[in-house]
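# Commentary on secondary and tertiary structure
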Amino acid sequence: MELSDANLQTLTEYLKKTLDPDPAIRRPAEKFLESVEGSQNYPLLLLTLLEKSQENVIKVCASVTFKNYIKRNWRIVEDEPNKICESDRIAIKANIVPLMLSSPEQIQKQLSDAISIIGREDFPQKWPDLLTEMVNRFQSGDFHVINGVLRTAHSLFKRYRHEFKSNELWTEIKLVLDAFALPLTNLFKATIELCSTHANDASALKVLFSSLILIAKLFYSLNFQDLPEFFEDNMETWMTNFHSLLTLDNKLLQTDDEEEAGLLELLKSQICDNAALYAQKYDEEFQPYLPRFVTAIWNLLVTTGQEVKYDLLVSNAIQFLASVCERPHYKHLFEDQNTLTSICEKVIVPNMEFRAADEEAFEDNSEEYIRRDLEGSDIDTRRRAACDLVRGLCKFFEGPVTGIFSGYVNSMLQEYAKNPSVNWKHKDAAIYLVTSLASKAQTQKHGITQANELVNLTEFFVNHIQPDLKSATVNEFPVLKADGIKYIMIFRNQVPKEQLLVSVPLLINHLQAESIVVHTYAAHALERLFTMRGTNNTTLITAAEMAPFVEVLLTNLFKALTLPGSSENEYIMKAIMRSFSLLQESIIPYIPSVITQLTQKLLAVSKNPSKPHFNHYMFESICLSIRITCKANPEAVGSFEEALFLVFTEILQNDVQEFIPYVFQVMSLLLEMHKNEIPSSYMALFPHLLQPVLWERTGNIPPLVRLLQAYLERGSSTIASAAADKIPGLLGVFQKLIASKANDHQGFYLLNSIIEHMPPESVDQYRKQIFILLFQRLQNSKTTKFIKSFLVFINLYCIRYGALALQEIFDSIQPKMFGMVLEKIIIPEIQKVSGQVEKKICAVGITKILTECPPMMDTEYTKLWIPLLQALIGLFELPEDDTIPDEEHFIDIEDTPGYQTAFSQLAFAGKKEHDPVGQMVNNPRIHLAQSLHKLSTACPGRVLSMLSTSLNAEALQYLQGYLQAASVSLL
Amino acid sequence: ALRMQRVEVSIKLRKTKKDEQLLKRRNISLYAKEENLSPGQDKPDEIIHLSLEEIVEAVNGNNPKLQLLATQATRRILSKQKDPPINQIIELGIIPRMVEFLSYADNAPLQFEAAWALTNIASGTSEHTRAVVEGGAIPAFTSLLSSPHMHISEQAVWALGNVAGDGPIYRDALINSDVIPHLLALVSPVTPVGFLRNITWTLSNLCRNKNPSPPVDAVLKILPVLICLMQHEDKAVITDACWAVSYLTDGSNDRIQIVVDTGVLPRLVELMASVDLMVVTPALRAIGNVVTGTDQQTQAAIDAGVLAVLPCLLRHTKPAIQKEAAWTLSNIAAGPSQQIQQLITCGLLPPLVELLDKGDFKAQKEAVWVVANFTTGGTVDQVVELVHSGVLKPLLNLLLAKDSKTILIILDTISNLFMAAEKVGETEKLCLLVEELNGLEKIEDLQNHQNNMVYRAALNIIEKYFSGEENLDLEPQTGQDGLYDFSVKKQDFNF
């Protein structure tokens, strides 16, 4: 593309079209620009347009397009073609800085971004004169230009704040410091002087303060990695000026806006950051200045208002004090009783007040409010900062601080008592203060875990929290109600049980509150109380204690789901789940109504599942309803199926992906409840479950395998008779799973169920094929996980079909195969098998090979008899071998993307552990002894002579122990 | 865990530390002392001031008296307290002539004044030192070492020290001109302390600098004398001898071995415990270097008792000492589990935790490395013991550090702790502990960190251990009847 007027004209037209709202016009224009961006001169044409176009929109559009072009193409990726020709690169670098500086702000920002992208690649080696070019502009005296330079420098240097130290990085920083530090310092001094000469010129001050903010930010970046020699030598200049800027105020710089921080706030906030950086990293050098900053920042806090625009400044400033007051060598700065009182009174208490903005969030943005207040995502808030300062001060001054605050709490409560409807915020602050003072450590699961012993939490609870919750009007003072409920929630481990029991009905009552925050907190508090542990691993609050409240609890919980704003409230749903699980059979009378409400809810949310937690707890609740009811009355399973299958069918038909894994789990649970033959409704679904499309989704695999296992357990004979033609498809699923390193264990689950439950004749024709597949996998990609599953499977097979059958099928695949598997796999690897049931299966299987397989006694396999016995004794006695070869370490993680997230396991749909040898063998050691005894009776002398010649002494000792325990001896 | 060599400071942003040993020194002795040292000199009140032109003329002339006067005037100019005009003097072109004066054995005062002047020129920048060397000063000073006048040979020692301090090239030039035997010959029981200090300092400069390190045969010659000097009663002599050993140990493992073989480690450890900061610094530096070596070399330092001294140094008032001690400990913690066990047995955990909690940031960073190495190489039991010692709280607090690398190492360490917890089935307890200590919110926050590796490490921990807490909570517990019951069987985690 030539730099011609015609091309400029063309480009202008296409750029204009990219702004068109109609995609039919916009898209082709974007495509066109993409197609020409590889041409030489394209970027220069854009630069020409953004400078010279007649239309402002085109200028801006060209600058944005230019920046995006640079972002996509500037970096030279190894082994890929250079996407911008060298002469264009040179021309861009030669022109962009002056162009940026002479452009209006809107365009300047885009070009400044472009410069920093280029700088990231080319600076300093391939752009050596950039720094001098920038520094020279400092003398221009034109602060529009200077701010452009500073902004660009900031975007170039800010990466020093997060990158790792390296020779390359430090070489660059050193270069920057050599060229930049002195001019920046001079500019800083000059700007401050100009601020005082222009103290009465608002527009000049605005520009100058923008410069100061950028200078302060640059200071932060340049000082981040280490304390540069230059800045150590010039600390006096910088810190003295920073200090005086902190104390500066100028009416002309105050803004009317309540929300948006003004220049003065931004500058002071950055200075707090700079001081905090020095205090943390360069304490030794900064020590002489620190006390001054503590005083200045504290004064700043005392004089700063409650408006939202000061929030960042205030929380930064408080955090600075919080970090300093914890350090032993600055303890003295805070020690004085007057200082402490003044910090408590003027810094902490005011910042704990419930502000108009909080009230607004409480009412109109409850979800966000709850997230901040309950889940602790309040890191930058004032209240949180104040809370941190309380904790910091308590490290050295717990007694005095507690004393000071007790006075405040009392006076605030008195204020409240005088006129609650006007002064309720005083009580809110009092509760918050008590909470922050008392809590030393906290977790979501247990609430407060360490409390300040100087605060009497129970007394406060009885005198000030309970009365509010006992009030007949649940909708009065919602903020105080929420405070009270939260108090119960977080101090549940500190307040005695009898008080908690008194609170339960109060909480149940507040489920009816209109305020979303209040009824959500009530649900959450109940849920947390119900999970508390008592002695002997029981719940602290028992079902019996809750008996009087069952009906009202369930009614209010489900009613709360109908309150505006809470139709998919996860806290309420979780409380429902937890209540079911606590109350157990006492919910049975209410199940018909409960299950109707749950299925209606399920139907409604399946249209557009948006709250994963809500949905998860809903399915858990459904599972609990089924389990609890069917435990008492197995026949009831039919009525659940009746209620649920309609919705389930709809979910499956509409392919609601989020819900399908849940549906399979609930169906497994239902199917397992059946005592008799599998109902035909399930059989109709069976072929669909083998559809490959279902198996392509990782999240479906575990629940589907589980469901197929349930089919095999309950309906193997029906499958063999009525769906024999589906057996190859079933085995196809097994083959698919076994092929994957991530899912092979699921394949074995399925295979084990097939072997255990299917009538032998129905799978006869496939058996050899199954083993061949397994051997292939063993040969081609053996992993520890596979071997473990494989060992369990062959032993299960041996138990089911007999040791001789195992030997015969192996050797029919390839001569001597049986010996090879024994020698290369079973004997060396058996130690790796984990899990009680798995180990037991292997023990029983190997015992069978040892004692019920004639070829082990009189062929060349005989030499493996002792090693196999030794391996079995090892399995009994040695610790599990959990070493995993290095290269395998990452398989499970890397090969199963999103396993955790995609598959949502329902805890209450849990499958009970199945022990296929449970009835046959109780103690596998004794079983071994008995089997050996039997063998030795059949061929007297053989066993004993083998043992005495080659079994090692330790193993022999163990074996004698087993024989003794079984009261048998060998002949 | 990896042992980390002292980081090659090819690029430094910081000021050179005051506690480093000086590479070059100027002789600016006080007036009175100076005159006493110049026997046969005119009385002080007869000092004559000469212009630079007059100096050049006199030095190049043939009048011995004027030569002396001019040389003395030059020396005086170069000895003034602030900003001596070394460049100006060099530009006069009188250096070769001054070097010539060094060989005037019959005019001791002139020899002495010239030696002094040249010493001070050589004390400047590399350019300045080069001017002296290129004037032919190395052989001249080497032969002056054997001067019958002690004050002259002392000045020669000093001058050579400045030359050696310039860098490996001049250092090796001196070694090649066979300066070592002459220097060592000056050390005797009757050598005055002041002189001995100068000799020790010059010897230390002959041991100093890397790329390349000094030749092994030179090291082998100097070492026995250094070890004697470390037994001297004078602190300055001991200090410089320790500096020399610290340079010799700052290198590859075979260099460390040479020092270990001399059996000097117990003495170094003893000196680490000195009350004198001046002595502690280089002794600690030397031992710190030794433990960057092999497991056996590190064991030699442990056997010499280093672990008994470190607790004090970790609590030292000087941040630089804390930092160096923590660095030393980090390399011991990088050893096999037996060495980690010794670290525990010798009570290093409490001071380590204190340092992590309250130390200077530089020292905290090194302390983080100690913990990181410990959790990499320690056994599960040792890691449990570490957690019991209270390391977690300060470690998690340091996630707020303004240093990406430190944050990353802490996150890696947390992963190590979780791996250990998994082995003893205490994952859930560790999760709670991390949350209680406000670590969880910090790790969550780090998921927004600008540095990619930090962000990913944080994300990884959250995903692996802190997502779906409900599943941990609800892990299906089924009783004999196959139905849910509320019991959970778990061991007690006793943090």
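Everything numeric here is computed off the predicted structure, so don't read it as measured data.

We now examine the interface of chain B and chain A. Taken together, the 47 residues of chain B in the interface contact 58 residues of chain A. Summing the contributions of chain B and of chain A, the shared interface buries around 4,900 Å²; its carbon and sulfur component is 52%. At the junction of chain B with chain A, the criterion picks out six salt bridges. At the junction of chain B with chain A, the criterion picks out eleven residue pairs in polar contact (both at pLDDT 80 or more). Of all the secondary structure elements, the ones that give two or more residues to the side of chain B that touches chain A are α22 (349-358), α23 (361-377), α26 (404-423), α27 (427-436), α28 (439-446), α29 (452-466) and α30 (469-474) of chain B. Grouping the amino acids of the side of chain B that touches chain A by side-chain chemistry returns 16 nonpolar, ten polar and 21 charged.

Formed by 353 residues in total, the largest nonpolar core has its most connected members in Phe180(A), Phe320(A), Tyr711(A) and Trp865(A). For this core, the leading source of residues is helix α21 (residues 382-418) of chain A, giving 16 residues. Among residues more than four places away in sequence, those in contact with Trp865(A) are Leu850(A), Met856(A), Met857(A), Leu932(A), Leu935(A), Val943(A), Met946(A) and Leu947(A). Formed by 157 residues, the second largest nonpolar core is a distinct cluster that contains Val99(B), Val157(B), Ala457(B) and Phe466(B).

Residue and element names in this part refer to chain A. Here strand β1 (residues 439-443) pairs with strand β2 (residues 447-451) via four bridges, running antiparallel. Paired with Thr-443 across the two strands is Gly-447, which belongs to β2. Counted along the chain from β1 to the antiparallel partner β2, the turn is three residues long.

Here the UniProt feature "domain: Importin N-terminal" (unreviewed entry) sits at residues 29-102 of chain A. The straight-line gap between the two end C-alpha atoms of residues 29-102 of chain A is 29 Å; of that span, 73% is helix and 0% is strand.

Attention now goes to the state of the cysteines. All names here are of chain A. Evaluated as defined, the whole model comprises zero disulfides over all chains. Distance from the sulfur of Cys-344, which forms no disulfide, to the nearest cysteine sulfur (Cys-394) is 8.5 Å. According to the relative accessible area criterion, Cys-344 is buried, its value standing at 0%.

Another aspect to go through is the packing of helix α8 (residues 143-157) of chain A against helix α10 (residues 202-222) of chain A. Residues and elements named next belong to chain A. Between α8 and α10, the shortest axis-to-axis distance is 9 Å and the interhelical angle comes to 25°. By the criterion of interaxial angle, the relationship of α8 to α10 is roughly parallel. Handedness of the crossing formed by α8 with α10: left-handed. Of the residues in α10, those touching α8 at Phe-143, Asn-147, Leu-150, Arg-151, Ala-153, His-154 and Phe-157 are Val-207, Leu-208, Ser-210, Ser-211, Leu-214, Ile-215, Lys-217, Leu-218, Ser-221 and Leu-222.

A few words on the UniProt feature "repeat: ARM" (unreviewed entry) in chain B. Residue and element names in this part refer to chain B. The sites that UniProt annotates as "repeat: ARM" (unreviewed entry) are residues 93-136 and 136-164. The straight-line gap between the two end C-alpha atoms of residues 93-136 is 13 Å; of that span, 70% is helix and 0% is strand. Annotation note: span residues 136-164, helix share 79%, strand share 0%, distance between end C-alpha atoms 15 Å.

On to the packing of aromatic side chains, then. Considering all chains together, one arrives at 50 aromatic pairs over all chains under this definition. Geometrically, the ring pair formed by Phe157(A) and Phe180(A) is edge-to-face, given 5.2 Å between the ring centres and 85° between the ring planes. One end of the pair, Phe157(A), is in helix α8; the other, Phe180(A), is in helix α9 (residues 167-197), with 23 residues separating them in the sequence. The same class applies to Phe157(A) and to Phe180(A), which are both buried. The structure contains a cluster of three or more aromatic residues connected by ring pairs, namely Phe188(A), Phe219(A), Phe230(A), Phe231(A), Trp238(A), Phe242(A), Tyr278(A), Tyr282(A), Phe286(A), Tyr289(A) and Phe293(A). Sitting over the face of the ring of Trp201(B), Arg25(B) holds its NZ or CZ atom 4.0 Å from the ring centroid. Above the plane of the ring of Phe164(A) lies Lys405(B), whose end atom (NZ or CZ) is 5.1 Å from the centre.

Right, let's get into the domain arrangement of chain B. It is common to give the size of an interface as the accessible area that goes away when the parts come together. Residue and element names in this part refer to chain B. As assigned here, chain B comprises domain 1 (48-183) and domain 2 (187-293). Once you take the C-alpha centre of each, domain 1 and domain 2 turn out to be 28 Å apart. At the junction of the two partners, domain 1 supplies 19 residues and domain 2 supplies 22 residues. Each partner contributes to the roughly 1,700 Å² buried at the junction of domain 1 and domain 2, and carbon and sulfur atoms together form 70% of this total. Of all residues in domain 1, Arg-171, Ile-180 and Leu-183 give up the largest surface area on contact with domain 2, accounting jointly for 35% of the area buried on that side. Run the count over domain 1 and domain 2 and you get seven residue pairs in polar contact (both at pLDDT 80 or more). Elements that contribute at least two residues to the side of domain 1 that touches domain 2 include exactly α9 (150-164), α10 (168-176) and α11 (179-185). With nine residues, the top contributor of residues to the side of domain 1 that touches domain 2 is α9. A breakdown of the residues in the side of domain 1 that touches domain 2 according to their chemical character gives eleven nonpolar, five polar and three charged.

As a further point, take the confidence of the model for chain A. Residues and elements named next belong to chain A. Taken as a whole, chain A shows an average pLDDT of 89; of its residues, 97% reach a score of 70 or greater. Element-level mean pLDDT values for chain A span from 32 in helix α47 (residues 891-894) up to 97 in helix α28 (residues 550-560). Between residues 886-902, whose pLDDT stays under 50, and residues either more than four places distant or in other chains, the model counts 17 contacts.

With that out of the way, let us pick up the environment of Ser566(A). All names here are of chain A. Relative to the helices and strands, Ser-566 resides in the loop between α28 and α29 (570-583). Among the residues examined, Ser-566 registers a relative accessible area of 0% and is labelled buried. A sequence separation of 347 residues divides Ser-566 from Phe-219, and the C-alpha atoms of the two residues are 49 Å apart. The residues touching Ser-566, leaving out its near neighbours within four places in the chain, are Ile-516, His-519, Thr-520, Ala-560, Leu-561 and Ile-572.

All names here are of chain A. Residues Asp-256, Asp-257, Glu-258, Glu-259, Glu-260, Glu-307, Glu-360, Glu-363 and Asp-364 make up a contiguous surface patch of negative charge. Relative to the helices and strands, Glu-363 is located in helix α19 (residues 356-364). Relative accessible area serves as the criterion here: at 54%, Glu-363 is assigned to the exposed category.

Further remarks concern the side chain of Asn615(A). Mapped onto the elements, Asn615(A) comes out in helix α31 (residues 612-632). Excluding its chain neighbours within four sequence positions, the residues that come into contact with Asn615(A) are Val605(A), Pro609(A), Ser610(A) and Phe659(A).

Another point: the confidence of the model for chain B. Residue and element names in this part refer to chain B. Predicted confidence across chain B gives a mean pLDDT of 87, with 88% of residues reaching 70 or more. A low-confidence stretch, residues 31-45 (pLDDT under 50), is modelled with 19 contacts involving residues beyond four sequence positions or located in other chains. Across residues 468-495, confidence stays below pLDDT 50; counting only partners more than four residues off in sequence or on other chains, it has 59 contacts. For this predicted complex, the interface score ipTM comes out at 0.77, alongside a pTM of 0.73.

Calculation notes
- Residues numbered from 1 in each chain as written.
- Chains lettered and ligands numbered in written order.
- Predicted model: local features only at pLDDT ≥ 70, side-chain atom pairs only at ≥ 80, totals over all residues.
- Heavy atoms only, no water.
- Contact = heavy atoms within 4.5 Å.
- Buried area = accessible area lost by both parts, 1.4 Å probe.
- Salt bridge = Lys/Arg side-chain N within 4 Å of Asp/Glu carboxyl O.
- Polar contact = N/O pair within 3.5 Å; in protein donor to acceptor, adjacent residues only side chain to side chain.
- Helix = DSSP H or I, 4+ residues; strand = E, 2+ residues; numbered from the N terminus.
- Nonpolar A, V, L, I, M, F, W, Y, C, P; charged D, E, K, R; others polar.
- Core = buried A, V, L, I, M, F, W, Y, C linked by side-chain atoms within 4.5 Å.
- Buried < 20%, exposed > 50% of the residue type's maximum accessible area, 1.4 Å probe, protein only.
- Pairing = 2+ DSSP bridges.
- UniProt positions renumbered as here; feature names shortened; annotations may be inferred.
- Disulfide = S-S within 2.5 Å.
- Axes fitted to C-alpha atoms, helices over the stretch in contact; angles between N-to-C directions.
- Parallel < 35°, antiparallel > 145°, perpendicular 65-115°, else oblique.
- Left-handed = near helix turned anticlockwise from the far one by under 90°.
- Phe/Tyr/Trp six-rings, centres within 6.5 Å; stacked < 30°, edge-to-face > 60°.
- Lys NZ or Arg CZ within 6 Å of the ring centre and 35° of its normal.
- Domains from an automatic or database assignment.
- pLDDT = per-residue confidence, 0-100.
- Patch = residues over 30% accessible without salt bridge, like charges linked within 9 Å, V, L, I, M, F, W, Y side chains within 5 Å.
- Areas by Shrake-Rupley, 256 points an atom, 1.4 Å probe, with all protein chains shown as cover.
- Lys, Arg positive; Asp, Glu negative; His and termini not counted.
- Charge placed at Lys NZ, Arg CZ, Asp CG, Glu CD.

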